[in-house]
Amino acid sequence: MVAVREKKGNALFSVRVQPRASKTAVSGPYAGGLKITLKAAPVDDAANRECCRLFAGMFGIADGRVHVVSGRSSRSKSVMLEGVSSREAEEAFERFGL
C-alpha cells in the first residue's frame, strides 16, 4: 500500500525512480511509496518531467499540477498532486492495484 499524506489539500507520496529503463511505468509498491521506471535519462530535468507526465496521466490531471517537491536530483523523490486529496489518491492507487 502506498502511504499518501496530505498537505494543504494536496496529496504527497514517495517515489523511487529507475531512469534509463526500457519503458515508463509504475513497477509497484516500494518502501511505503511507489517504484517507477522511466525511459528518460536523469539529464536536464528530463526524468522529473517524465515522472510528472506519468502521474498526470494516471490521475487525469494537467502535467503542471504534478510536482517533484523533493529529491529532484535523487532517485528517491516526493511527488505532490495539486488539487488531489490524499483520500482521492489512495482510492486511485487502490483502483490501480497499488
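Residues numbered from 1 in each chain as written. Predicted model: local features only at pLDDT ≥ 70, side-chain atom pairs only at ≥ 80, totals over all residues. Heavy atoms only, no water.

A.B. asks: An account of the environment of Thr-37 is requested, with residue identities and associated values reported.
C.D. replies: Within the secondary structure, Thr-37 is located in strand E4 (residues 33-37). Remark: the alpha-carbon pair of Thr-37 and Arg-16, spanning 21 residues in sequence, is separated by 8.6 Å. Thr-37 has contacts with Gln-18, Ala-21, Lys-23, Thr-24, Ala-25 and Ser-27, leaving out every residue within four places of it along the chain. A polar contact is formed between the side chain of Thr-37 and the backbone oxygen of Lys-23, at a distance of 2.9 Å. (Helix = DSSP H or I, 4+ residues; strand = E, 2+ residues; numbered from the N terminus. Contact = heavy atoms within 4.5 Å. Polar contact = N/O pair within 3.5 Å; in protein donor to acceptor, adjacent residues only side chain to side chain.)

A.B. asks: Before we move on, can you summarise the nonpolar core with the specific residues and values?
C.D. replies: Membership of the largest hydrophobic core comes to 27 residues, with the highest contact counts inside it found for Phe-13, Phe-55, Phe-59, Leu-81 and Phe-93. Elements that contribute at least two residues to this core include exactly strand E2 (10-18), E4, helix H1 (46-59), strand E5 (66-70), strand E6 (76-81) and helix H2 (86-95). Take this core: its biggest share by element is 8 residues, from H1. Those residues in contact with Phe-93 that lie beyond four places of it in its chain are Val-2, Val-4, Phe-13, Leu-34, Met-58, Phe-59 and Leu-98. (Core = buried A, V, L, I, M, F, W, Y, C linked by side-chain atoms within 4.5 Å. Buried < 20%, exposed > 50% of the residue type's maximum accessible area, 1.4 Å probe, protein only.)

A.B. asks: Run through the packing of aromatic side chains, naming residues and quoting values.
C.D. replies: Counted by the stated rule, this structure contains 3 aromatic pairs. Between Phe-13 and Phe-55 the ring centres are 5.1 Å apart and the planes differ by 75 degrees, which places this aromatic pair in the edge-to-face class. Remark: Phe-55 occurs in helix H1 and Phe-13 occurs in strand E2; sequence separation between them is 42 residues. The same class applies to Phe-13 as to Phe-55, namely buried. Look at Phe-13 and Phe-93: their rings are 5.2 Å apart centre to centre, the planes differ by 85 degrees, and that puts the pair in the edge-to-face class. Here Phe-13, found in strand E2, pairs with Phe-93, found in helix H2; they are 80 residues apart in sequence, far enough to count as distant. The exposure class assigned to Phe-13 is buried, which follows from its relative accessible area of 0%. Given a relative accessible area of 2%, Phe-93 falls into the buried group. Each residue in the set Phe-13, Phe-55, Phe-59 and Phe-93 is aromatic and connected to the rest through ring pairs, giving one cluster. (Phe/Tyr/Trp six-rings, centres within 6.5 Å; stacked < 30°, edge-to-face > 60°.)

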